[in-house]
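An overview of the molecular structure
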Number of protein chains: 2
Amino acid sequence: MAHVNEHYLKLAAGYLFPEIGRRVSSYAEAQPDADLIRLGIGDVTEPLAPALVAALRAACDEMGSAEGFRGYGPENGYDFLVDAIREHDYRERCVEIAADEIFVSDGSKQDSGNIQEILAPECRIAVTDPVYPVYVDTNVMAGRAGAPDDEGRYGGILYLPATEANGFFPDPPAQGAADVVYLCSPNNPTGSVASATALGRWVEWALASDALVVFDAAYAAFIQDPALPRSIYEIPGAERCAVEMRSFSKRAGFTGLRCAYTVIPKAVTGATSSGERIPLARLWNRRHATKFNAVPYPIQRAAEAVFSPEGRKQTREQVAFYMENARLLREGLGAAGFRVFGGEHAPYIWLEVPERGSSWAFFDRLLEGAQVVGTPGAGFGPAGEGYFRLSAFNSRARVEDAIHRITTNFG
Amino acid sequence: MAHVNEHYLKLAAGYLFPEIGRRVSSYAEAQPDADLIRLGIGDVTEPLAPALVAALRAACDEMGSAEGFRGYGPENGYDFLVDAIREHDYRERCVEIAADEIFVSDGSKQDSGNIQEILAPECRIAVTDPVYPVYVDTNVMAGRAGAPDDEGRYGGILYLPATEANGFFPDPPAQGAADVVYLCSPNNPTGSVASATALGRWVEWALASDALVVFDAAYAAFIQDPALPRSIYEIPGAERCAVEMRSFSKRAGFTGLRCAYTVIPKAVTGATSSGERIPLARLWNRRHATKFNAVPYPIQRAAEAVFSPEGRKQTREQVAFYMENARLLREGLGAAGFRVFGGEHAPYIWLEVPERGSSWAFFDRLLEGAQVVGTPGAGFGPAGEGYFRLSAFNSRARVEDAIHRITTNFG
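Residues numbered from 1 in each chain as written. Chains lettered and ligands numbered in written order. Predicted model: local features only at pLDDT ≥ 70, side-chain atom pairs only at ≥ 80, totals over all residues. Heavy atoms only, no water.

1. Describing the packing of aromatic side chains
Formally: In summary, the pairing rule links any two rings of Phe, Tyr or Trp, Trp by its six-membered ring, whose centres are within 6.5 Å, and it sorts them by plane angle into stacked for under 30 degrees, edge-to-face for over 60 and tilted for everything else. Only runs of H or I of at least four residues qualify as helices and only runs of E of at least two qualify as strands under DSSP, and these elements are numbered from the N terminus. Relative accessibility thresholds used throughout: buried, under 20% of the residue-type maximum; exposed, over 50%; partly exposed, between the two (1.4 Å probe, protein chains only). Each ring is checked for a lysine NZ or an arginine CZ that lies within 6 Å of its centre and within 35 degrees of its normal; such an atom marks a charge sitting over the ring.
If you walk through the whole model with that rule in mind, you get 52 aromatic pairs over all chains. With centroids separated by 4.9 Å and ring planes inclined at 20 degrees, the aromatic side chains of A:Tyr135 and A:Tyr182 adopt a geometry described as stacked. With a gap of 47 residues between them, A:Tyr135 in helix H5 (residues 133-141) and A:Tyr182 in strand E5 (residues 180-184) connect regions that are remote in the sequence. Judged on exposure class, the residue A:Tyr135 and its partner A:Tyr182 are both buried. Considering the side-chain rings of A:Phe248 and A:Tyr261, the 6.3 Å spacing of their centres and the 55 degrees angle between planes classify their relative orientation as tilted. Of the two residues, A:Phe248 sits in the loop between strand E7 (242-247) and helix H7 (249-252) while A:Tyr261 sits in strand E8 (residues 260-263), which places them 13 residues apart along the sequence. Judged by relative accessible area, A:Phe248 falls into the buried class, the value being 0%. When its relative accessible area of 0% is taken as the criterion, A:Tyr261 is described as buried. In this structure an aromatic cluster arises from ring pairing among A:Tyr90, A:Tyr233, A:Phe248, A:Phe254, A:Tyr261 and A:Phe307. The ring of B:Tyr78 carries the charged tip of B:Arg70 above its face, separated from the ring centre by 5.0 Å.

Below is the structure:
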């Protein structure tokens, strides 16, 4: 008899964003004339930069020609893209990453969800709380989390509260308290960012604990202060204890095109039960070769174009545009008396719900009262309760309208 | 301490095709002037059909415009593609599939590798032997297979030999002998195809055994006889026991573009330990929403164009071209005294190695003696020893040259 993986049944009703999508559609069906402003799912809204469109078109033409056609690509990405990543995302930050330490993929969501698969089932997982749901859900599916309590906390996961007191970026737990920790900076959902000092404490902890840091830097391009680390490999020692995920989704409008990459330095290893050290890059490479089949060639050409002079200029302008939206949200809602966090080095505003009330209730009130869609903090974890995430991804006019609607509705 | 998933260490040295790639490159380095003909990895060689290129270009332009830009797409595929699949791949074969039973993905390799994740670890797996390595390797990674013996057979997997005697498509084992079986028709690697009668025996077995059939129909478009089933859902009862994978890779030149889909009818369920029945589509949908992020929008538009009048005509001409290559290989090598199988409803020729000798030795002799690259049958499983796979994906001139080289070399 075919039995199912019952760990799936321990998951919360649905993945957060489809869940929000369902609530919004049912409201939209009930109120067909409602003019909704969507600041919920963090999805880019600006059209793809011209340099990237040109690269896509050229690659499509190649695919239609006998000389230019390409079938299966190298599983881990074409050299032209891998080399551009090494040069611009790392060498420019004085970090040297080898070509065979970079694994191009179709998304950081996929990579941060799949990385746990090469680790032992008994690994003890730590996450910050609130947290990007994928880190937790994929460990639930793998059976590491156990069952959730009434607040949605899984017994098998160590939650590290991200609070106003710790600047929404918690310090490490006791040495050896976890085997794997997921960190995200700039942070989704809180919009906070980790300093070199804060990351240094984590690298030190990981090395002392022989633990792995899964560092999600999908929003690195939104960091405004050049002194802040873009990559965890700017911290000495990280090359021995950390894997890093980067994405083109938000930095270059790729949410509908799908391209990202994961870095796994050769010195990052995990242990076997007999104590042998296995390079994680070897296992990830085997997984990639077996369960993945490369990113579409035209998409990789578009990603390469992100690093061209025009591509860099155009995508930086888009990032600046979204960050100006973030500033308007932060200042506009702050002036109206809301307590707001984040939005300075990340495209997310972390809003304190008035009186730290229910974030789902605030979601409903914002949806019904202001026709503005956000994301309830509780959806990111128990410690997210009392907070609300607003995304800076929208047109200027819609963002200004949203600020007006929220402030008048709650004024 | 972070421990690794030690099941990965039970895998054979490398995934078969990268392994062949390494051997070929080392030969090519040693013999830089060698003019290699690659009939190994089954990768398309004809340029992308004009109708598909046009669709790609139009979608790229949309992405560059304020009106046309699209961010995150629906995880399971855009309606325009899902509806085209329902209409052309199923309704035209008198099979009705609901929109929410179709899950568009970036590859059948991925889907056939990931499907086991929603099943219980204790499920007993059956595969035909020889077999597409992904089915076995992904179950090894998940811990269902145990350790391999000297012949590379995993103790935890039931192997069903595909032999000349059974037309390279084995019958079901004893009722209840397995919980999940992977079937592939038209078959990779043997090039055989299952009749409705043969599939009927499997559906009957699966229903009686409460087992799941994972049916890989990635090569369905290569079936020449309209009386042969293209989909397992042409067999009554399959909608209660089978999931099906289809791909655009070989039928429309998508190996470098990446688009496929999996069908999971609502009536296909798995049991919990308490006997509750869970629709597999519900679990797969949860997996897709959590670990996947949709196929790139331009790629889905290109896939939609495969079903347009021009797209169908152009891609059918490509399939016919490859099938003519297969006929030439089959007849050319047959006339030279080789025993050849397959190649009539599949783009693969299954060649019997002279005296049923070592298939890796034959690989080396073909590579060094004729500079022709094929795939050793042993790479697909123990019962593949003594056989050799030749792919029909190449230009006419190269295929004819390959036939000449092989026949003269072995004449």
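2. Details of unusual backbone geometry
With an omega of 5 degrees, the peptide bond between A:Asp129 and A:Pro130 qualifies as cis. Inspection of the secondary structure puts A:Pro130 in the loop between strand E3 (125-129) and H5. Note the cis peptide between B:Asn188 and B:Pro189, where omega equals 20 degrees. Within the fold, B:Pro189 resides in the loop between strand E5 (180-184) and helix H6 (196-209). Here the phi dihedral of B:Cys94 falls at roughly 65 degrees; this positive angle occurs in a residue that is not glycine. By the element assignment, B:Cys94 lies in the loop between helix H3 (79-90) and strand E2 (102-105). Owing to a relative accessible area of 74%, B:Cys94 belongs among the exposed residues under this scheme. Non-glycine residue B:Gln371 carries a positive phi angle of around 50 degrees. Mapped onto the fold, B:Gln371 is located in the loop between helix H11 (359-370) and strand E13 (372-373).

3. A few points about the domain arrangement of chain A
Residues and elements named next belong to chain A. Selection rule: Domain extents, as shown, originate in an automatic or database domain assignment. Whether two residues touch is decided by their heavy atoms; if any such pair falls within 4.5 Å, the residues are in contact. As used here, buried area is the combined drop in accessible area, with a 1.4 Å probe, of two parts when they are placed together. Basic side-chain nitrogens of Lys or Arg form a salt bridge, by our definition, when they fall within 4 Å of a carboxyl oxygen of Asp or Glu. Polar contact is defined as a pair of N or O atoms within 3.5 Å, subject to the rule that within protein one atom must be able to donate a hydrogen and the other to accept it, and that residues adjacent in sequence are counted only when both atoms are side-chain atoms.
You can read the domains of chain A as domain 1 (7-47 + 310-410) and domain 2 (53-308). The distance between the C-alpha centroids of domain 1 and domain 2 comes to 25 Å. Contact with domain 1, which involves 39 residues of that partner, is made by 48 residues of domain 2. For the pair domain 1 and domain 2, the summed buried area comes to about 3400 Å², and 63% of that belongs to carbon and sulfur atoms. At the junction of domain 1 with domain 2, the criterion picks out 2 salt bridges. In this structure, Arg312 engages Glu92 in a salt bridge whose closest nitrogen and oxygen atoms are separated by 2.7 Å. The tally of links from domain 1 across to domain 2 stands at 16 residue pairs in polar contact (both at pLDDT 80 or more). Broken down by secondary-structure element, the contributors of at least two residues to the side of domain 1 that touches domain 2 are helix H10 (309-335), strand E11 (340-342), strand E12 (348-352) and strand E15 (387-391). In terms of residues, the side of domain 1 that touches domain 2 owes the most to one element, H10, which gives 8 residues.

4. Details of the packing of helix H8 (residues 280-291) of chain A against helix H5 (residues 133-141) of chain B
Keep this limit in mind: Every angle, taken between N-to-C directions, lies between 0 and 180 degrees, and every axis is a line fitted to C-alpha atoms, over only the stretch in contact when it is a helix. The handedness criterion is simple: a crossing whose near helix is rotated anticlockwise from the far helix by less than a right angle is left-handed, and one whose near helix is rotated clockwise is right-handed. Polarity classes work like this: nonpolar for Ala, Val, Leu, Ile, Met, Phe, Trp, Tyr, Cys and Pro, charged for Asp, Glu, Lys and Arg, and polar for all others, with Gly in that last group.
For the pair H8(A) and H5(B), interaxial distance at closest approach is 10 Å and the crossing angle is 145 degrees. Here the hand of the crossing between H8(A) and H5(B) comes out left-handed. Facing H8(A), whose interface residues are A:Arg286, A:Arg287, A:Thr290 and A:Lys291, H5(B) presents B:Val134, B:Asp137, B:Thr138 and B:Met141. Considered class by class, the residues forming the contact of H8(A) with H5(B) number 2 nonpolar, 2 polar and 4 charged.

5. Re the pairing of strand E6 (residues 212-216) of chain B
Residues and elements named next belong to chain B. Cut-off, in case you're wondering: By the criterion used throughout, a crossover qualifies as right-handed when its path from the first strand across the helix to the second strand runs clockwise, the strands pointing away from the viewer. In this scheme, strands are said to pair when DSSP sees at least two bridges between them.
E6 sits mainly inside the fold: 5 of its 5 residues count as buried. Neither face of E6 is open: one carries Leu212, Val214 and Asp216, the other Val213 and Phe215, and all of them are buried. Each parallel crossover has a hand, and for E5 linked through H6 to E6 it is right-handed. Here 4 bridges tie E6 to strand E7 (residues 242-247), and the two strands are oriented parallel to one another. By the bridge assignment, Phe215 is partnered in E7 with Glu244.

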